[in-house]
Amino acid sequence: MEKHNYQRLVTLATWVATCVAVTLLVIKSSAFLYTGAVSILASLIDSLMDIGMSVVNLLAVRYALQPPDKEHSFGHGKAEHLAGMAQAAFITGSAIMLLFSGVTELLDPKAIQHSNAGISVMVISTLITFALVMFQRYVIRKTNNTVIKADSMHYAMDIYMNAAVLVALLLSRFGWYWADGLFAVLIALYICYGALGIAKESVQNLLDRQLPESFQIQVLNCALSVPEVMGAHDIRTRQSGQTKFIQLHLELDDKLDLYTAHKIADEVEDKIVELWPEADVLIHQDPQSVVPQEKKLELE
């Protein structure tokens, strides 16, 4: 997609998430002060962490969207993956605080006051969060942005968390006061699991993990679609922010002159960029006769 549209969607998504986080913090704070439910406190702590993450996301996205400069010739896209690591840390911190609150409540369960008000607030929170997740998934389909993807995963977990809080409030109405603390503990463990997934994805991107095999097959097909190309190998891919870095070796006829070989490589690059406008492509041309020798050396 065009760079301008990418920037607009990603920036809008981060601002919307920030506004939603602030709104949820306000209404959940009111609900906790009114009911004293530790399960609502769990959701409140999570919303507080959401605000912190949203601020980190805004700064990371703004930095990642800056064009390459003299000191960062490959751009600033990895700031998005660093933000993913920060998100994982925020989420883990909220989970630890929540686990402590849940265990404390389990050891000394108390009746929840004004549970109807708490239920109403959690229903409203769930609807707002669901709308945000749907918008974020739309942005992800258009941009495949790592920061928005991690943020959306967290807010999707919030929907399950809100559902768990609702169940805890309903059970407490029937005298099962321990349910409030139990669900807080279960939610904390679930949040830790989600944080692990976000951290793993961010680390892999920072380590320049190859893009999926299906993507590499598409790159290969692009190269082979040019009639003069006799083969392609050593396809290497990685992603930094919105930029996909693609490297490959073309296998060409030995008798081609340098100008013709360069022209063929340009045609392959144009086909790749047509599919992925944000791609950074580097192509090396090999005479076909030397390819078996190179592959043999690689095996040795």
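Think of each chain on its own: its residues are numbered from 1, step by step along the sequence as written. Reporting of local features is limited, given that this is a predicted model, to residues whose pLDDT is at least 70; pairs of side-chain atoms are given and counted only at 80 or more, and all residues count toward the totals for whole chains, interfaces and linings. The side-chain values count all of the structure's non-hydrogen atoms but skip hydrogen atoms and water molecules.

Trainee: Got a minute to help me understand the overall build of the protein in this structure?
Mentor: Scanning the protein for helices and strands turns up 9 helices and 3 strands. Reading the helices (α) and strands (β) of the protein from amino to carboxyl end gives α-α-α-α-α-α-α-β-β-α-β-α. When its C-alpha atoms are laid out on the principal axes, the protein stretches across 85 × 40 × 35 Å. For every residue, the accessible area (1.4 Å probe, protein chains only) is compared with the maximum for its type, and the residue is labelled buried under 20%, exposed over 50%, or partly exposed between those bounds. In the protein, which comprises 300 residues, the share counted as buried stands at 47%. Of all intrachain contacts in the protein linking residues separated by at least 6 positions in sequence, the fraction that spans at least 24 positions is 74%. Just so you have it, the protein exposes about 15500 Å², and 64% of that area is on carbon and sulfur atoms. Each charge class in the protein was averaged separately, 22 positive and 31 negative side chains, and the resulting centres sit 6 Å apart. Comment: elements are numbered from the N terminus, with helices defined as DSSP H or I runs of at least four residues and strands as E runs of at least two. Any two residues whose heavy atoms approach within 4.5 Å are treated as being in contact. Surface accessibility follows the Shrake-Rupley procedure with a 1.4 Å probe radius. Residue values consider only the protein chains on display as shielding. Positive residues here are Lys and Arg, negative ones are Asp and Glu, while His and the chain termini are left out of the count. Charged groups are reduced to one reference atom each: NZ for lysine, CZ for arginine, CG for aspartic acid, CD for glutamic acid.

Trainee: Explain helix α7 (residues 213–224) here, please?
Mentor: Owing to its 3.6 residues per turn, the α-helix brings residues three or four apart onto one side. The span expected for a helix works out to 1.5 Å for each residue beyond the first. With 12 residues, α7 extends 16 Å between its outermost C-alpha atoms, agreeing within 8% with the 16 Å of an ideal straight helix rising 1.5 Å per residue. Buried within α7 we find Phe 215, Gln 216, Val 219, Cys 222 and Ala 223. All buried residues of α7 lie within an arc of 115° about the axis, which places them on one face of the element. In this structure, α7 carries Glu 213 and Ser 214 as exposed residues pointing more than 90 degrees from its buried face. Each C-beta atom gives one direction from the helix axis, and the arc is the one those directions make.

Trainee: Just checking my understanding: could you explain the pairing of strand β1 (residues 231–240) for this structure?
Mentor: Most of β1 sits inside the fold, with 8 of its 10 residues counted as buried. Relative to strand β2 (residues 243–252), β1 runs antiparallel, the two sharing 8 bridges. Looking at the pairing, Thr 237 lines up with Ile 246 of β2. Strand pairing is defined by DSSP finding a minimum of two bridges between the two strands.

Trainee: Would you mind going over the packing of aromatic side chains with me for this structure?
Mentor: Working definition: rings of Phe, Tyr and Trp (its six-membered ring) pair if their centres are within 6.5 Å, and the pair is stacked with planes under 30 degrees apart, edge-to-face with planes over 60 apart, and tilted otherwise. The full count for this structure, using the stated rule, is 1 aromatic pair. Considering the side-chain rings of Phe 215 and Trp 276, the 4.4 Å spacing of their centres and the 50° angle between planes classify their relative orientation as tilted. With a gap of 61 residues between them, Phe 215 in helix α7 and Trp 276 in the loop between α8 (258–275) and β3 (280–287) connect regions that are remote in the sequence. Both residues of the pair, Phe 215 and Trp 276, belong to the buried class. Whether a charge sits over a ring comes down to the Lys NZ or Arg CZ being within 6 Å of the ring centre and within 35 degrees of the ring normal. Above the ring of Phe 245, the side-chain terminus of Arg 238 is found at 4.1 Å from the ring centroid.

Trainee: In this structure, what is going on with the pairing of β3? I would like to understand it.
Mentor: It is a general feature of regular strands that their side chains alternate between the two faces of the sheet. Here 8 bridges tie β2 to β3, and the two strands are oriented parallel to one another. By the bridge assignment, His 249 is partnered in β3 with His 284. Crossovers are marked right-handed if the path from the first strand over the helix to the second runs clockwise, as seen with the strands pointing away from the viewer. Where the polypeptide runs from β2 across α8 and back to β3, its parallel neighbour, the crossover connection is right-handed.

Trainee: Any chance you could explain a nonpolar patch on the surface here in plain terms?
Mentor: A surface patch of nonpolar side chains, about 1000 Å² in accessible area, is lined by Leu 99, Val 103, Leu 106, Leu 107, Phe 174, Trp 176, Trp 178, Leu 182, Leu 186 and Leu 189. Those elements giving two or more residues to the nonpolar patch turn out to be α3 (79–107) and α6 (178–206). Looking at where Trp 176 falls in the secondary structure, it is placed in the loop between α5 (146–173) and α6. Excluding any residue in a salt bridge, patches collect residues exceeding 30% relative accessible area, merging like charges within 9 Å and nonpolar Val, Leu, Ile, Met, Phe, Trp and Tyr side chains within 5 Å. Salt bridges are defined as contacts in which a side-chain nitrogen from Lys or Arg sits within 4 Å of a carboxyl oxygen from Asp or Glu.

Trainee: Would you explain a negative patch on the surface in this entry?
Mentor: On the surface, Glu 228, Asp 266, Glu 267, Asp 270 and Glu 274 cluster together into a negatively charged patch. Tracing the backbone through its elements, the reader meets Asp 270 in helix α8. We classify Asp 270 as exposed; its relative accessible area is 54%.

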